[in-house]
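# A look at the structure
What follows is each chain in one-letter form.
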Amino acid sequence: MLQNLKLVVAQINPVVGDISGNRRRIERIWKNLEGTCDLIVFPEMVYTGYPLEDLVFRERFIKDVRESIEDFAAHNKEKETAVLIGAPWKVDGQLYNAAFLIEKGHIHVILKCDLPNDGVFDEARIFANGPLPEPVMFRGHKLGIMICQDFWAPKVAKHLRQEGAEILIVPNGSTFETEKYHIRVNEASKRVRETRLPLLYVNLIGGQDELVFDGASFLMSSSGEVVYQLKAFEEEIAPVVSGDLDVYPETNKAMYQAVVLGLRDYVLKSGFQTVLLGLSGGIDSALTAVIAADALGPENVHAVLLPSRFTSDASNEDAIQLAENLGISYEAIPIAPAMAAFEEMIDGLDGLAHENMQARARGLTLMSLSNKTGALLLSTGNKSELAAGYATLYGDMCGAFNPLKDMYKTKVFQLALLRNLWKPDLAFGAETGQDGSLIPERIIVRPPTAELRENQKDEDSLPPYDVLDQILERMIEGEDGQEDIINDGFQRALVQKVYKMLHGAEYKRRQACPGVNLTTKSFGGRSRRYPIVNRY
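These notes cover the structure that comes with them. Only a predicted model underlies this, so the values are computations on that prediction, with no experimental measurement involved.

## Observations concerning the overall build of the protein
- Looking only at helices and strands, the protein features 16 helices and 18 strands.
- Relative to its length of 536 residues, the protein is compact, with a C-alpha radius of gyration of 25 Å against a globular reference of 24 Å.
- Taken over the C-alpha atoms alone, the protein extends approximately 80 × 50 × 50 Å along its principal axes.
- Per-residue burial for the protein yields a buried fraction of 59% across its 536 residues.

Below is the structure:
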């Protein structure tokens, strides 16, 4: 590390499109740190939020960004401390993802060279590729600044090293996915081994639509050791000091914190304060309610019990017990009157049509309450159900956001058990309690059921979830063919059934509400894009 250069990392949570708000936040940090350090390093696109998607095609937006950054630099030209920020930038009519080292009113522009075009990012569609960046001379040192994707291959780091860079500084907008942190550290290790330079990785924090940026910014020494790391899933502003290390959480804790942060930012950045959800007494709605209370505070969560003649006493009791454990408000609205009206309106309403109408009566009731109260409605279905089509359009799929959308059923059980024993530091919900029964045990141990007919169980229609989820993960995340899965010991008829369910439900998933991306192949509109009409 450059011993006489004092750096501070500002791992903060910007809002997409809020140019003036993001600027004010950056200026407050700059003002507070003025004179205490040489350079404050912010994440990728921090000035505008990220990703911007088609917002960059609005010429007025790009002009507003440029005018704001130029005024920002001029307004702060008396400051001794410099900043490194990021935003879109036009050069000779071409639009780039850029970083700006701003010192005493001067703006040094660095253009992103390598653009991501896979998974949740499609920058190659909206930005031009910049040239290989040159090191930036700053206070007697050459800084090798490489923006996000430029870090994921050797060429940019190699070029910067050849041109005399003394450190690699990497502003990032890297999203959370399970095990992604370890992949980042591994890539950093490669760049360090190749260049023998220290590497400072500065990541965004916060939720944006379906994406969550998990922070965990770090410094890797020239020997390949992580010697400094900020917290995951929290904003943090801290000087780069070797030995200051925060440990990245294990997979299930990281996943839970990602969902809490994603829900919180989706609700608050969208201008809402409160949420409501249907509380059935089942595991999915229970975990959703806990996540909502942790994200927004119990006072901002309202649960609605919507019993039918098929709803057991146990389900009602467990739903009420959970709501009281969480300290959230609740009410019961039986759907029998609505079902009587539909049964009178539609002759011969029975079987699957009758089951789905119950789900739609609940969805209609919840959407009406959302309209009445101004609370945002949460959907509570999990990834296994969405994959298999075990969900009702305009029924239990109703909602503005689904925290469990990218979470398999087996993972839902794991996180419920985890939350009964552990509470994240920034969670606003209830404590776990001595007996670990925040979520009542009966909710966790009862066989899953939709309770849309007498004695119904999910396994009447689906394979056991521990088997189903293994097959689905192979098909979705692994992109494995049926024969590959069958050859590994799964029953042919079962694999063929799951494959048919998965691809037959694509039209439903296209109409599902957004939810937090947790895996490499979520059902959002970014990382998994299958045709609806598909005979393969």
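## Re the sheet that holds strand β16 (residues 301-305)
- The four strands lie next to each other as β17-β16-β15-β18, forming an open sheet whose pairing is parallel. The sheet terminates laterally at β17 (329-332) and β18 (376-377), the two strands that pair on one side only.
- Lying over the sheet, helix α6 (residues 283-296) contacts β15 (275-278) and β16, oriented at roughly 170 degrees with respect to β15.

## Considerations on the packing of aromatic side chains
- Counted under the stated rule, the structure contains 13 aromatic pairs.
- Measuring from ring centre to ring centre gives 5.5 Å for Y47 and F72, while their planes differ by 70 degrees; the resulting arrangement is edge-to-face. With Y47 in the loop between β2 (39-41) and α2 (59-75) and F72 in helix α2, the pair connects residues that are 25 residues apart, well separated along the chain. Exposure class is identical for Y47 and F72. Each is buried.
- Taken together, a centroid distance of 5.3 Å and an interplanar angle of 85 degrees make the contact between F151 and W152 edge-to-face.
- Taking relative accessible area as the criterion, W152 reaches 23% and is therefore assigned partly exposed.
- Three or more aromatic residues link up through ring pairs in this structure, and these residues are F151, W152, Y201 and F218.
- Just above the ring of W30 sits the side chain of K79; from NZ or CZ to the centre is 5.3 Å.

## Things to note about the packing of helix α5 (residues 251-269) against α6
- Put simply, α5 and α6 touch, their axes get as near as 9 Å, and they point 65 degrees apart. Of the two possible hands of crossing, α5 and α6 adopt the one that is right-handed. For the pair α5 and α6, the contacting residues are Y256, V259, V260, L263, R264, V267 and L268 in the first and L287, V290, I291, A292, D294, A295 and L296 in the second.
- Here the contact of α5 with α6 is built from residues that sort into 12 nonpolar, no polar and two charged.

## Thoughts on the pattern of salt bridges
- All chains considered together, the criterion is met by 34 salt bridges.
- Residue K112 pairs with E123 through a salt bridge whose shortest N-O separation is 3.1 Å. You can see K112 sitting in the loop between β5 (106-111) and β6 (136-138) and its partner E123 sitting in the loop between β5 and β6, a full 11 residues away along the chain. A single burial state applies to K112 and to E123, both of which are buried.
- Salt-bridge contacts for R492 lead to E483; the nearest nitrogen and oxygen are separated by 2.8 Å.
- Overlapping salt bridges, with partners in common, bring together E187, K190, R191 and E194 in one network.

## Structural notes on unusual backbone geometry
- Backbone torsion omega between Y50 and P51 reads 0 degrees, so that peptide bond is classified as cis.
- Within the element layout of this structure, P51 appears in the loop between β2 and α2.
- Non-glycine residue D92 carries a positive phi angle of around 50 degrees.
- Classification of D92 as exposed rests on a relative accessible area of 78%.
- For R139, which is not a glycine, the phi torsion comes out positive at approximately 50 degrees.

## Some remarks on the nonpolar core
- Ranked by size, the top nonpolar core spans 75 residues in total, and within it F176, L199, F233, L322 and M407 carry the most contacts.
- Not counting residues within four places of it along the chain, the set of residues in contact with F233 comprises F176, I205, V212, D214, Y248, P249, A254, Q257, A258, L261 and L426.
- Formed by 43 residues, the second largest nonpolar core is a distinct cluster that contains C37, F42, I107 and L204.

## What about the pairing of strand β4 (residues 94-103)?
- Counting buried positions along β4 gives eight out of 10 residues, so the element sits mostly inside the fold.
- With nine bridges connecting them, strand β3 (residues 82-91) and β4 associate as antiparallel partners. Paired with K90 across the two strands is L95, which belongs to β4.
- As consecutive antiparallel partners, β3 and β4 are separated by two residues, and within that stretch D92 has a phi angle of approximately 50 degrees, a positive value.
- Where β4 lies against β5, six bridges are found, and the strand directions are antiparallel. Bridge pairing in β5 places A99 opposite I110.
- The loop that links β4 with its antiparallel partner β5 comprises two residues; one of these, K104, has a positive phi angle of about 50 degrees.

Parameters and conventions
- Residues numbered from 1 in each chain as written.
- Predicted model: local features only at pLDDT ≥ 70, side-chain atom pairs only at ≥ 80, totals over all residues.
- Heavy atoms only, no water.
- Helix = DSSP H or I, 4+ residues; strand = E, 2+ residues; numbered from the N terminus.
- Rg over C-alpha atoms; globule rule 2.2 N^0.38 Å.
- Buried < 20%, exposed > 50% of the residue type's maximum accessible area, 1.4 Å probe, protein only.
- Pairing = 2+ DSSP bridges.
- Contact = heavy atoms within 4.5 Å.
- Axes fitted to C-alpha atoms, helices over the stretch in contact; angles between N-to-C directions.
- Phe/Tyr/Trp six-rings, centres within 6.5 Å; stacked < 30°, edge-to-face > 60°.
- Lys NZ or Arg CZ within 6 Å of the ring centre and 35° of its normal.
- Left-handed = near helix turned anticlockwise from the far one by under 90°.
- Nonpolar A, V, L, I, M, F, W, Y, C, P; charged D, E, K, R; others polar.
- Salt bridge = Lys/Arg side-chain N within 4 Å of Asp/Glu carboxyl O.
- Core = buried A, V, L, I, M, F, W, Y, C linked by side-chain atoms within 4.5 Å.

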